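# Topology and contacts: notes
Listed here are the chains, written in short residue letters.
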Amino acid sequence: MSAVRAWLLTDIPQSRRQAQCQRFFLAWLVFRRNGSAVAGLAIVATLVAGALLAPWITASAGVTPDLGDRLHAPGSAHWFGTDELGRDIFDRVMWGSRITLYIVGLVSVIVVPIGLAIGVVAGYVGGWVDSALMRLTDVFLAFPRLILALAFVAALGPGLENAVLAIAVTSWSPYARIARAEALTLRRSDFILAARSQGIPHLRIIAGHVAPMCVSSVIVRLTLDMAGIILTAAGLGFLGLGAQPPTPEWGAMIALGREYLLDQWWVPAFPGIAILVVSLGFNLLGDGLRDVLDPKSRD
Amino acid sequence: MIGSQLQEGRSSLLGHVPRRIAGTALSLVLTFVGLTAVTFVIARVMPADPVLAIVGDRAHQDVYDAVYRELGLDQPLPVQYLRYLGQLFVGDLGVSIMTAQPVIDDLLRFFPATLELATVATLLGVFAGVPLGVLAAVRQGRWADHLVRIVGLFGYSVPVFWLGMLALFVFYAKLGWVAGPGRIDIFYEGMVEPVTGLILVDSALAREWDIFRNAIGHLVLPAAILGIHSFAYLARMTRHFMLEQLGQEYILTARVKGVPEGAVIWRHAFRNVLVQLITIVGLTYASLLEGSVLTETVFAWPGIGQYITRSLFNNDMNAVLGGTIVVGICFVAINMGSDLLYRLVDPRAR
């Protein structure tokens, strides 16, 4: 253990990989001191673990009705109780974590490359390309997100993928802004000049040298946005425009449990708590990451 | 989004005001064109056939073709878009299938409810969030600061529709402290002359204080729930801005001169924060106006958000897009307006 630690903390790294590992380790040391950030990481890790282990820690996939077991209160047989169709709510919440992860993963995979590409090109190339791309970004930045997502879902039809697409279309612009700001400062730096004078093509400079430098601030922003993405997706699910039954999506579960609130509070309560805890986790993690990766913005 | 707009505002402080206003107007126009282009595309890629919706599926081919031409669907897309813009310009948003009324009339009827809800929610957010943010900054690192942070994090993370349900359950069903869903008791429905459409204003104008009290009972819970997000955001930003100001040298000077601490905080630091808060309040107001969709659904609030979702389920595309455009325009206008106001109020921008 201490040998690994010494290897990670030595003043003169012997190889490129060692230097990289050191960078991560030092960041981790800063991150670890931040209690709430570690709590956030623990919540997100639990979410991922729950999604991965769902087949083993649940008794059912939470989709087949069992009408003999309707609306049981939480107890030892059903930790979170059962819903109006006799499905175990704990099982459904666990399987629902897969859907939540699927949503945030899919949104990130769409949003980050688009935002990075537009922002880096705008910042690196400059001139009229920059103005045009940034005007486009401003237009999308000014859009009302939820309402536009509603309109998109209306056109494409309700469903999980369409909800994801609607969220992605309305949320890539802040990443373009961030990436552009970073690219603008990088453009004039010496190592880019060196790369240029060696005759490296622009496209490779953009993709290989500028874009990787923008990734960390984009990731911080993405983590902070995760809660918003989860809440928007849950909202669309609640309105019946996201995942369709019997998919155990948390927002849709709350919508179904709405009429049981008065007498069987547990039906809508647990999915709501799940959303709250997971959003909280991403917010805490995002705050912590920002402190580590971007110390300037600390309060 | 908000941070970047702020930054833009700051970097342009030394710019020329008229040029800035022209720039704002240009981006307003561009945003409007973008918004309508998106809604136009949504209307065109909509899988349902707009002609079939009008003539029905048993119509003769000639009738179908006539309507097809009348709707301008045989024209190239840019021409169709220009026609669409022209219709929008005179307020023609089409006819709602669901209510058989012009969409613009429907929207005018539903909009005041949303406006009332969002306005009261923003006011609650401002009057709770700003003082708490100041308190947190003044007592940085102490328990008040931590409390504001925790409450703020909760406000950012909680699903409002879920919280609204729980709040209805607790405060209406169990405790009976507030009135239930809807804007007003059915008993009072239609008893005041709608002048502005805002029930609070109308009932106050008519001096119907029973109705006024009843409307407040209905309004306070949804407004508080809707305001939670803006409260969290305002508290956080106020804290951030206050800390920025309190670290400045003029604050040190004031303290050294022996200015009382209350005056240092409110008269020196907070006055500078106030200017920055204008933009933030504008942004939250705009986002509440559009974010009220979920709250309206939970509280059966007859506003524009509920109108849009209900139309959506009835495949009433004109109504959905009309609502989107109206909310979008308000959203954009409020954002730009607060941006402009910020530049005019800040003396350094003159």
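Here the structure is a predicted model, which is why all the values come from computation and not from measurement.

## Concerning the overall build of chain A
Regarding its fold elements, chain A presents twelve helices and zero strands. In sequence order, the secondary structure elements of chain A are arranged as α-α-α-α-α-α-α-α-α-α-α-α. Based on the C-alpha atoms only, the size of chain A along its principal axes is roughly 75 × 55 × 35 Å. Taking all 299 residues of chain A together, 52% fall into the buried category.

## Things to note about the confidence of the model for chain A
Mean pLDDT over chain A: 84, with 98% of residues reaching 70 or higher. When the elements of chain A are averaged for pLDDT, helix α6 (residues 145-156) of chain A gives the smallest value, 80, and helix α4 (residues 89-125) of chain A the largest, 90.

## Describing a nonpolar patch on the surface
All names here are of chain A. On the surface, a cluster of nonpolar side chains totalling about 530 Å² of accessible area is made up of V48, L52, L53, W56 and I57. Here W56 is to be found in helix α3 (residues 35-57). In this structure W56 comes out as exposed when scored by relative accessible area, which is 69%.

## Points about the interface of chain A and chain B
Listed by partner, the interface residues are 43 residues for chain A and 48 residues for chain B. At the boundary of chain A with chain B, total buried surface from both sides reaches about 4,300 Å², with 74% on carbon and sulfur atoms. Run the count over chain A and chain B and you get two salt bridges. The partner of D287(A) in a salt bridge is R236(B), with the nearest N and O atoms 3.1 Å apart.

## A closer look at the packing of helix α2 (residues 16-32) of chain A against α3(A)
Residue and element names in this part refer to chain A. Taken N-terminus to C-terminus, the directions of α2 and α3 make an angle of 105°; their axes are 7 Å apart at the nearest point. Compared by their axis directions, α2 and α3 come out roughly perpendicular. Contact with α2, carried on its side by W28, F31 and R32, involves A37, V38 and L41 of α3 and no other residues of that element.

## Concerning the packing of α6(A) against helix α14 (residues 317-345) of chain B
What describes two packed helices is the angle between their axes and the distance between those same axes. In the contact formed by α6(A) and α14(B), the axes pass within 10 Å of each other and the chain directions differ by 160°. Judged on the interaxial angle alone, α14(B) and α6(A) are roughly antiparallel. Between α6(A) and α14(B) lies a crossing whose hand is left-handed. Listed contacts from α14(B) to I147(A), L148(A), A151(A), A154(A) and A155(A) of α6(A) are M317(B), V320(B), L321(B), T324(B) and V327(B). Among the residues making up the contact of α6(A) with α14(B), the classes are represented as nine nonpolar, one polar and no charged.

## Some words on helix α10 (residues 202-238) of chain A
Residue and element names in this part refer to chain A. Between its terminal C-alpha atoms α10 stretches only 46 Å, short of the 54 Å expected from 37 residues at 1.5 Å a residue. Remark: the principal bend of α10, roughly 45°, maps to A211, with a proline, P212, within the next four residues. Among the residues trailing α10, G240 stands out with phi positive, at a value near 90°.

## Considering the environment of F282(A)
Residues and elements named next belong to chain A. Mapped onto the elements of the fold, F282 is located in helix α12 (residues 266-293). A relative accessible area of 7% places F282 in the buried class. In contact with F282, other than residues within four places in its own chain, are V44, L47, T223, M226, A227 and I230.

## Re the domain arrangement of chain B
On domain assignment, one finds that chain B holds domain 1 (2-89) and domain 2 (103-349). The centre of domain 1 of chain B, based on its C-alpha atoms, is set 29 Å off from the matching centre of domain 2 of chain B.

## Some thoughts on the environment of D202(B)
Residue and element names in this part refer to chain B. Residue position: D202 is located in helix α9 (residues 199-205). For D202, a relative accessible area of 3% corresponds to the buried category. Considering only alpha carbons, one finds D202 and V192, ten residues apart in sequence, at a separation of 6.7 Å. Residues in contact with D202, not counting those within four places in the same chain, are V192, E193, P194, V195, T196 and G197.

## A closer look at the pattern of salt bridges
Two side chains with opposite charge may pair up if their charged atoms get near one another. In the structure shown here, the tally under the stated rule is nine salt bridges over all chains. Of the charged contacts in the structure, one is a salt bridge between R239(B) and D145(B), with a shortest N-O distance of 2.8 Å. One end of the pair, R239(B), is in helix α10 (residues 209-246); the other, D145(B), is in helix α7 (residues 143-157), with 94 residues separating them in the sequence. The pair R239(B) / D145(B) is uniform in exposure class, with both members buried. R213(B) is the partner of D210(B) in a salt bridge, and the nearest nitrogen-oxygen pair spans 3.0 Å. Here R213(B) and D210(B) lie together in helix α10, a separation of three residues that amounts to about one turn. Judged by its relative accessible area of 55%, R213(B) falls in the exposed class. Beyond isolated ion pairs, a larger network of salt bridges with shared partners links D287(A), R290(A), R149(B) and R236(B).

## Details of the environment of P131(B)
Structurally, P131(B) is set in helix α6 (residues 103-138). Each C-alpha atom of the pair P131(B) and T238(B) lies 8.3 Å from the other, and the pair is 107 residues apart in sequence.

## Some details on the side chain of R239(B)
Assessed through its relative accessible area of 14%, R239(B) is described here as buried. Engagement of the side chain of R239(B) in a polar contact is seen with the side chain of D145(B), the distance being 2.8 Å.

## Considerations on α2(A)
For α2(A), with 17 residues, the first-to-last C-alpha span of 24 Å sits near the 24 Å given by 1.5 Å per residue. Close packing links the buried residues of α2(A) with α1 (2-9), α3 and α12 of chain A.

## Observations regarding the side chain of N283(A)
Residue position: N283(A) is located in helix α12. Given the relative accessible area of 7%, N283(A) is considered buried. Sequence-distant contacts of N283(A), that is, excluding residues within four places in its chain, are made with L224(A), A227(A), L153(B), Y156(B) and S157(B).

Rules used throughout
For every chain, the first residue of the written sequence is number 1, and numbering continues from 1 along that sequence. Written order decides the labels, with chains lettered from A and ligands numbered from 1. Under the rules for a predicted model, residues below a pLDDT of 70 receive no local features and side-chain atom pairs below 80 are neither given nor counted, while totals for whole chains, interfaces and linings still include all residues. No hydrogens and no water enter the side-chain calculation; it runs on all heavy atoms of the structure. Helix and strand labels come from DSSP, where a helix needs a run of H or I of at least four residues and a strand needs a run of E of at least two; each type is numbered from the N terminus. We call a residue buried when its accessible area falls under 20% of the maximum for its residue type, exposed when it is over 50%, and partly exposed in between, using a 1.4 Å probe and counting protein chains only. Per-residue confidence from the prediction method is given by pLDDT, with values spanning 0 to 100. Only residues above 30% relative accessible area that lack a salt bridge enter a patch, with like-charged residues linked at up to 9 Å and the nonpolar side chains Val, Leu, Ile, Met, Phe, Trp and Tyr linked at up to 5 Å. Values of accessible area rely on a 1.4 Å probe in the Shrake-Rupley scheme; residue burial ignores everything except the protein chains shown. Salt bridge, as used here, is a side-chain nitrogen of Lys or Arg placed within 4 Å of a carboxyl oxygen of Asp or Glu. Here a residue-residue contact requires only that any non-hydrogen atoms of the pair lie within 4.5 Å. Put simply, buried area is the surface a 1.4 Å probe can reach on two separate parts but cannot reach once they are joined, added for both. Axes here refer to lines fitted to C-alpha atoms; in helices the fit is confined to the stretch in contact. Angles between the N-to-C directions go from 0 to 180 degrees. Small angles under 35 degrees read as roughly parallel and large ones over 145 as roughly antiparallel, with 65 to 115 read as roughly perpendicular and the rest as oblique. Less than a right angle of anticlockwise turn of the near helix away from the far helix marks a crossing as left-handed, whereas a clockwise turn marks it as right-handed. When residues are grouped by polarity, Ala, Val, Leu, Ile, Met, Phe, Trp, Tyr, Cys and Pro land in nonpolar, Asp, Glu, Lys and Arg in charged, and all others, Gly among them, in polar. Expected span, for any helix, means 1.5 Å times one less than how many residues it has. At every residue, the bend is computed as the angle between two fitted axes, covering the seven residues ending there and the seven beginning there respectively. Domain boundaries shown here were taken from an automatic or database domain assignment. Any pair of N or O atoms that falls within 3.5 Å is considered a polar contact. Within protein, one atom must be able to donate a hydrogen and the other to accept it, and sequence-neighbouring residues count only if both atoms are side-chain atoms.

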